[in-house]
Amino acid sequence: MKVESFFGLVNIWYDSEPVNVAMVLTITRSPPPHIPSAFTINNNRNGYSANHHSHSRLLLLLNECADMSQLKQIHAHTLRATTTHNPHALFLYSRILHFSSLADIDYACRVFDQIESPNSFVWNTLIRAYARSSERKEEAILLYCRMLEEGIVMPDKHTYPFVLKACAYLFALFEGRQVHAQLLKLGYESDVYVNNSLIHLYGTCGCLDLAQKIFETMPERSVVSWNAIIDACVRLGEFDTALKLFGEMQNMFEPDGYTMQSVIRACAGLGALSLGMWAHACLLRKCRAEMVGDVLVNNCFVDMYCKCGSWEIAQQVFERMPKRDVNSWNSMILGLAMHGKAKAALEYFDRMVRTERFVPDSITFVGVLGACNHRGLVSEGRHYFDMMITEYKIEPQLQHYGCLVDLLARAGLIDEALKLVSDMPIKPDVVIWRSLLDACCKKNAGVELSEEMASQILESEGEDSSGVYVLLSRVYASARRWDDVGLIRKLMTDKGVTKEPGCSSIEIDGTSHEFLAGDTSHPQTKQIYQVLDVIKERLESVGHVPDVSQAPLIDELIDEKHHALRLHSERLAIAFGLLSLKPGMPIRIFKNLRVCDDCHKVTKLISRIYNVEIIVRDRARFHHFKDGSCSCMDYW
Ligand SMILES: *[C@@H]1O[C@H](CO)[C@@H](O)[C@H](O)[C@H]1NC(C)=O
């Protein structure tokens, strides 16, 4: 047995880079003449005292060790053959610790506590085990603190990636920044792995600027660095930046599965169908077999195609997947629900559960209930809600309640919806109140009920109440009580409440163009407004009268007299689409808010007048407009 083989053995378990274990490795002799091949240890009394022969034999056995029960035997022999404070035995114990840290973390803890003077390698082993555990990540940070407090061994560059990973997982930005300060103090910023972990931490915690700063100052970057920064951008919705970085990365590195997942998510976020298809083609052309069949990558594709408006391609990808997991089914069901394909979504659910025997999770039911909701299937909605609780023992979350409340409220069953809300064990959120208020508006349930509801929300909401003001202004607007709308507007200004502005985007030739309501910043603004004027004339000629009761933006309500309503962001995007796309090409629009009633009507008319297919993804779902009607059948 050679010393090198020990290096080999150690190398595998730090996935970052070879670790210098010379300080703990003291075995330099040739192997003992007799090494038992099978898992039998001669109860050799001579080996009772510490000696190098039994050390190397035990190491060899450790190397072949298959499970915890074998490990416990070896551990027992080690305890007899040596003492824990014998420096020669430290390596042996660190191996035992390593093995048990993968299989039984509590056992590893006890081994750790027995080691008298652990070196950084031993500390790192346990910190890493905690960082990788599913439920005890915070103990990685605590153990790191203990290491610093004891101050006998200082953390090294291998300690930091693990601690930072735990911080990232726990969104522990405050702790993460302290760890960052510490590692700077100790001079570990010259390590690529440490920097990659920092990018990941800041990206996960929403500090993209910090992540970018580190990325930009890195003299050398690895694939992991690029993946970390691209992932950070995607997480924070900076999809354009993510794709730009991806372009730069390609000049230097071959993207891997992680890169592709981020890129596909960016395409999904942008609704950039052609870009997503390009990424797909790229993957297929390179014939990266391990990626083509990768479940996670394919799940991203299913999700991306659905979000980019093409559930048909999503379905093809799904059907061709060599292997599927619960998330594959979830992506497909959620996607179909989003497109209002309730029947298909429920069929997939049936196939998933009955034929393929997958156990649905909480997200599956968000999809199933969403499908019922988008089609107004009240009795089915109730049925699946009950099934989730009784059959699958899944506790309903806000999203599930939200779906059912919305479904009931929109079907006019306001009393049942209210009862459900009052029986909820969790605090209803503004989405649920909005459903109820919406329903009240539509059913003309009376301004009083709505006001009462709104005042209740305002009491419980505290700071984040912008949604309620907007809702209430809509109630007043539909009752045409403009004075009260003005009052709300003033209240919002006084309290500094702002509202997310409406924004629509359209992708033309791989470039995404964004429009805000009343936007005049696009280089082709003049032509766009000319198209809008033509549209207005043609709409008037077919007898369209603008309806402002549902306008979601207060500012636009106030400007109603100035006909600002036609400038809702999706109108600008549609006009730009008509201007730029070849005839016959469908117009795909992505809007961050819900489509208002008037825009919905107008889009239907435009699809007929211009004989063009228009696919709009709003905050909640997809609308496919064709020949003057919409796939949502005016139920949304
Ligand atoms: C790590 O990032 C710091 C900036 O935080 C930079 O100064 C350092 O050069 C980077 N080191 C490596 C090896 O990337």
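Residues numbered from 1 in each chain as written. Predicted model: local features only at pLDDT ≥ 70, side-chain atom pairs only at ≥ 80, totals over all residues. Heavy atoms only, no water.

### Quick look at helix 20 (residues 342–355)
- Between its terminal C-alpha atoms helix 20 stretches 19 Å, which fits the 20 Å expected from 14 residues at 1.5 Å a residue.
- Listed in full, the buried residues belonging to helix 20 are Ala-342, Ala-344, Ala-345, Leu-346, Tyr-348, Phe-349, Met-352 and Val-353.
- Turning to helix 20, the residues buried within the fold contact helix 18 (311–320), helix 19 (326–338), helix 21 (362–375) and helix 22 (378–390).
- In the stretch just after helix 20, Arg-357 is the one whose phi turns positive, near 55°. (Helix = DSSP H or I, 4+ residues; strand = E, 2+ residues; numbered from the N terminus. Expected span 1.5 Å × (residues − 1). Buried < 20%, exposed > 50% of the residue type's maximum accessible area, 1.4 Å probe, protein only. Contact = heavy atoms within 4.5 Å.)

### What about the UniProt feature "repeat: PPR" (unreviewed entry) in the protein?
- Under the present numbering, the feature "repeat: PPR" (unreviewed entry) in UniProt falls on residues 119–154, 222–252 and 294–328.
- Overall, residues 222–252 shows 81% helix and 0% strand. The separation of its end C-alpha atoms is 9 Å.
- Annotated as residues 294–328, this span is 74% helix and 0% strand, and its ends, taken at the C-alpha atoms, are 11 Å apart. (UniProt positions renumbered as here; feature names shortened; annotations may be inferred.)

### A word on the site of the ligand
- Lining the immediate environment of the ligand, one finds Glu-189, Ser-190, Asp-191, Val-192, Asn-195, Ile-214, Thr-217, Met-218 and Pro-219.
- Glu-189 is positioned such that a nitrogen or oxygen atom in its backbone is 2.8 Å from a nitrogen atom of the ligand.
- At 2.4 Å, a side-chain N or O of Asn-195 approaches an oxygen atom of the ligand.
- Notes on the ligand: free accessible area 360 Å², of which the protein chains cover 74%.
- Elements that contribute at least two residues to the shell around the ligand include exactly helix 10 (192–204) and helix 11 (208–217).
- Grouping the amino acids of the shell around the ligand by side-chain chemistry returns 4 nonpolar, 3 polar and 2 charged. (Near = heavy atom within 4 Å. Polar contact = N/O pair within 3.5 Å; in protein donor to acceptor, adjacent residues only side chain to side chain. Areas by Shrake-Rupley, 256 points an atom, 1.4 Å probe, with all protein chains shown as cover. Nonpolar A, V, L, I, M, F, W, Y, C, P; charged D, E, K, R; others polar.)

### Quick word on the sheet that holds strand 3 (residues 587–591)
- Pairing in this open sheet of 6 strands is mixed, and the strands run 2-1-3-4-5-6 from one edge to the other. Whereas interior strands pair on both sides, the edge strands pair on one side only; in this sheet they are strand 2 (511–516) and strand 6 (629–630).
- Here strand 4 (residues 614–617) runs beside strand 5 (residues 622–626); their pairing, made up of 4 bridges, is antiparallel. Bridged to Ile-614 within strand 5 is Phe-625. (Pairing = 2+ DSSP bridges.)

### Considering the packing of helix 7 (residues 138–150) against helix 8 (residues 159–169)
- The N-to-C vectors of helix 7 and helix 8 enclose an angle of 135°; their axes lie 9 Å apart at closest approach. Accordingly, the angle class assigned to the pair helix 7 and helix 8 is oblique. In the packing of helix 7 onto helix 8, the handedness of the crossing is left-handed. Every residue of helix 8 that contacts helix 7 at Ala-140, Ile-141, Tyr-144 and Met-147 is listed here: Thr-159, Tyr-160, Val-163, Ala-166 and Cys-167. (Axes fitted to C-alpha atoms, helices over the stretch in contact; angles between N-to-C directions. Parallel < 35°, antiparallel > 145°, perpendicular 65-115°, else oblique. Left-handed = near helix turned anticlockwise from the far one by under 90°.)

### A closer look at the environment of Glu-395
- Structurally, Glu-395 can be placed in the loop between helix 22 and helix 23 (398–410).
- It is 8.0 Å that separates the C-alpha atoms of Glu-395 and Ser-362, two residues lying 33 residues apart in sequence.

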